[in-house]
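Summary of the model geometry
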Amino acid sequence: GAVAAANALNDVFAMGGKPLLALSIAAFPEELPVATVRTIFDAAAAKVEEAGAVLAGGHTIRDTESKYGLAVIGTVHPEALWRKNGARSGDALFLTKPLGTGLVLTGVRQSLLGDEELAEVARRMTELNGPAADVVRGFEPNAVTDVTGFGLFGHAYEVAERSGVRLVVEAARLPALPGAMTAAEREMRTGGDLRNREFAGHAVSVHGTEEPLLALGYDPQTAGGLLVSLPAERSATIEAEFSARRLFLRRIGRVEEGGGVVVQ
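Residues numbered from 1 in each chain as written. Predicted model: local features only at pLDDT ≥ 70, side-chain atom pairs only at ≥ 80, totals over all residues. Heavy atoms only, no water.

1. What to know about the environment of threonine 209
What counts here: What counts as a helix is a DSSP run of H or I of at least four residues, what counts as a strand is a run of E of at least two, and both are numbered from the N terminus. It only takes one pair of heavy atoms within 4.5 Å for two residues to be counted as in contact.
By the element assignment, threonine 209 lies in the loop between strand E7 (204–206) and helix H9 (211–218). For the pair threonine 209 and isoleucine 25, spaced 184 residues apart in sequence, the C-alpha separation works out to 41 Å. The contact partners of threonine 209, leaving out residues within four places of it in the chain, are Ala171, Leu214, Val263 and Gln264.

Following this line, the structure appears as C-alpha cells:
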C-alpha cells in the first residue's frame, strides 16, 4: 500500500504540484485475510497523510489477484508547472534517488539478494519526492520528470526529444541501490528492461559503457526519484542545500546542443 501510494503521489510532485485528494482503486480476492487488506489500506493512508493530502474513499472490487493503486488530484500554479520540454544547453542533470529497484527486486526473487537489500529498496520506494521537490522548486529548474517505468534512459530520451537538446549521461556517476549492480552483473533483467530498450534504444548512443551500467539505466523504476535539468551555475548551491537537509542528490550529466541521449 505504501509503495503504490508513493508511486501515485510522486507523479504530482514531479509536476511541481502538491497532492490534495486521493482515491483508492483496489481489487482483492475474497479469501484474502481482512487483516492483510487492512494493512494495505492503512499503509497507503499513512503515506497520503504524509504528503499532506486526504484519502477520500475510492472503489473496491473482488478479483482473483490483489491489486491496489491510487488516483491523485493535486494543484500547481500555472506559471510554476514543471514540464519535460524545457531543458537547455548548459544545464546540469541531477537525480534525487538511486536507481535499480527492478534489478534489486529481481535479485531478491531469485535469492541472489537478501533482506538487507530488500529493506533498502522498500525504503526508497516508499519515500515521497515531496521534500526533494520543495528544494528543487527554489532553484527554478528548466525541466523535471520522475524516473519510473521507462527507466532513466527512457525518461532522459523524452526530455531530450521534447526539449530539442542532447542529454549527456556520465555512466560512472549513476547511483545504484545496494545489490543492483550485483544483479546486473549476473545478467538478471526485468521484462521492462527489454521494452525500455525498444522504446529509447534508437536514441541512446553508448560510448565505452559496460552492459551492467546500461542495465541500470534501462531498469524500470517503481516510485523513482526526480530527473532535474537546471542551469549549471546553480549546481554547487543545490548540492549544498540537499546535503544540509540530508536528502539524496547526484549530478549525473549535462545538457548540450543536439539530440538524443549520449551515455559515456
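2. Regarding the pairing of strand E5 (residues 143–146)
Applied cut-off: Only protein chains enter the accessibility calculation, which uses a 1.4 Å probe; a residue is then buried when its area is under 20% of its type maximum, exposed when over 50%, and partly exposed in between. Only strands joined by at least two bridges in the DSSP assignment are considered to pair.
Residues Ala143 and Thr145 line one face of E5 and the alternating positions Val144 and Asp146 line the opposite face, and both faces are buried. Strand direction decides the pairing type here: E5 and strand E8 (residues 226–231), joined by four bridges, are antiparallel. When the sheet's bridge partners are listed, alanine 143 is paired in E8 with serine 229.

3. Focus: the packing of aromatic side chains
Here is the rule we go by: Only rings of Phe, Tyr and Trp enter the pairing, Trp through its six-membered ring, and a pair is recorded when the two centres are within 6.5 Å. The plane angle decides the type: under 30 degrees is stacked, over 60 is edge-to-face, the rest tilted.
The final tally for this structure, using the stated rule, is five aromatic pairs. For the pair phenylalanine 153 and tyrosine 218, a centre-to-centre distance of 5.0 Å together with 90° between the ring planes defines the contact as edge-to-face. You can see phenylalanine 153 sitting in helix H6 (residues 151–163) and its partner tyrosine 218 sitting in helix H9, a full 65 residues away along the chain. Assessed through its relative accessible area of 0%, phenylalanine 153 is described here as buried.

4. Describing the pattern of salt bridges
Using the following cut-off: A side-chain nitrogen of Lys or Arg and a carboxyl oxygen of Asp or Glu constitute a salt bridge if their distance falls within 4 Å.
Throughout the structure, instances matching the rule amount to 19 salt bridges. The partner of arginine 162 in a salt bridge is glutamate 158, and the shortest N-O contact between them spans 3.8 Å. Placement of the pair is arginine 162 and glutamate 158 together in helix H6, with a separation of four residues, close to one helical turn. The exposure class of arginine 162 is partly exposed, given its relative accessible area of 48%. For glutamate 158, a relative accessible area of 7% corresponds to the buried category.

5. Some thoughts on unusual backbone geometry
Notably, glutamate 187 is not glycine yet its phi reads approximately 65°, a positive angle. Mapped onto the elements of the fold, glutamate 187 is located in the loop between helix H7 (180–185) and helix H8 (191–200). Using a relative accessible area of 66% as the deciding quantity, one classes glutamate 187 as exposed.

6. Considerations on the nonpolar core
Just so we agree on the cut-off: Joining through side-chain atoms within 4.5 Å is the link that ties buried Ala, Val, Leu, Ile, Met, Phe, Trp, Tyr and Cys residues into a set, and such a set is a nonpolar core.
Counting residues in each nonpolar core, the largest one holds 39 residues, and the members touching the most others are Leu152, Phe153, Leu167, Leu174, Leu227 and Val261. Per element, the largest residue contribution to this core is six residues, and it comes from H6. Those residues within four positions of leucine 227 in sequence are excluded, and the remaining contacts are Phe94, Leu95, Ala143, Val144, Thr145, Val147, Leu152, His155, Ala156, Val159 and Ile252. Within the second largest apolar cluster, 34 residues are counted, among which are Ala44, Leu70, Val144 and Ala223.

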